[in-house]
Amino acid sequence: MTQRTLAAFMLALGLATLAGCASPAVITLNDGREIQAVDSPKYDKESGFYEFEQLDGKQTRVNKDQVRTVKEL
């Protein structure tokens, strides 16, 4: 294998690994609004809030009582 082939292979392997880590989600609120998240939201039992990052990079917290569904895409 040439260095160029090896570098391309390593790059492809790295991108495939990163793609497998993220599982985007849609959070549907009781009022019908939908929020898209980069990854599945984390639920904090102590505070009662779901915490996640929106597609625009904004960190968001939503009260559990406002969430109707959480679906992974």
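Residues numbered from 1 in each chain as written. Predicted model: local features only at pLDDT ≥ 70, side-chain atom pairs only at ≥ 80, totals over all residues. Heavy atoms only, no water.

The protein appears in an unreviewed UniProt entry as YgdI/YgdR family lipoprotein from Pseudomonas migulae.

1. Details of the sheet that holds strand S6 (residues 67-72)
On the basis of which strands lie adjacent, the open sheet formed by three strands has the order S2-S1-S6 and antiparallel pairing. Strand pairing shows two members of the sheet lacking a second neighbour, strand S2 (34-37) and S6, which therefore form its edges. When the angles between neighbouring strand axes are averaged without regard to direction, this sheet yields 20°. Sheet topology places strand S1 (residues 25-29) next to S6; five bridges connect them, and they run antiparallel. Bridging across to S6, Leu29 finds its partner in Val67. (Pairing = 2+ DSSP bridges. Helix = DSSP H or I, 4+ residues; strand = E, 2+ residues; numbered from the N terminus. Axes fitted to C-alpha atoms, helices over the stretch in contact; angles between N-to-C directions.)

2. Some remarks on the environment of Phe52
Here Phe52 shows up in strand S4 (residues 49-53). Residues Phe52 and Val62, spaced 10 residues apart in sequence, show a C-alpha to C-alpha distance of 8.7 Å.

3. Some points on the sheet that holds strand S3 (residues 42-44)
Strands sit in the order S3-S4-S5 across an open sheet of three strands; the sheet is antiparallel. What marks the edges here is a single partner per strand, and that holds for S3 and strand S5 (59-63). Strand-to-strand twist in this sheet, taken as the mean axis angle between neighbours without regard to direction, amounts to 30°. Taken together, the three bridges between S3 and S4 define a ladder with antiparallel strand orientation.

4. A short note on the environment of Pro41
Its location among the elements puts Pro41 in the loop between S2 and S3. Placed 15 residues apart in sequence, Pro41 and Val26 show a C-alpha to C-alpha distance of 9.3 Å. Among residues more than four places away in sequence, those in contact with Pro41 are Ala25, Ile27, Tyr50, Glu51, Phe52 and Val70. (Contact = heavy atoms within 4.5 Å.)

5. Points about the packing of aromatic side chains
One pass over the structure, following the stated rule, counts one aromatic pair. Relative to Tyr50, the ring of Tyr43 lies with its centre 5.0 Å away and its plane at 50°, an arrangement referred to as tilted. Of the residues examined, Tyr50 reaches a relative accessible area of 21% and is grouped as partly exposed. Taking the ring centre of Phe49 as reference, the NZ or CZ of Arg61 above it sits at 4.4 Å. (Phe/Tyr/Trp six-rings, centres within 6.5 Å; stacked < 30°, edge-to-face > 60°. Buried < 20%, exposed > 50% of the residue type's maximum accessible area, 1.4 Å probe, protein only. Lys NZ or Arg CZ within 6 Å of the ring centre and 35° of its normal.)

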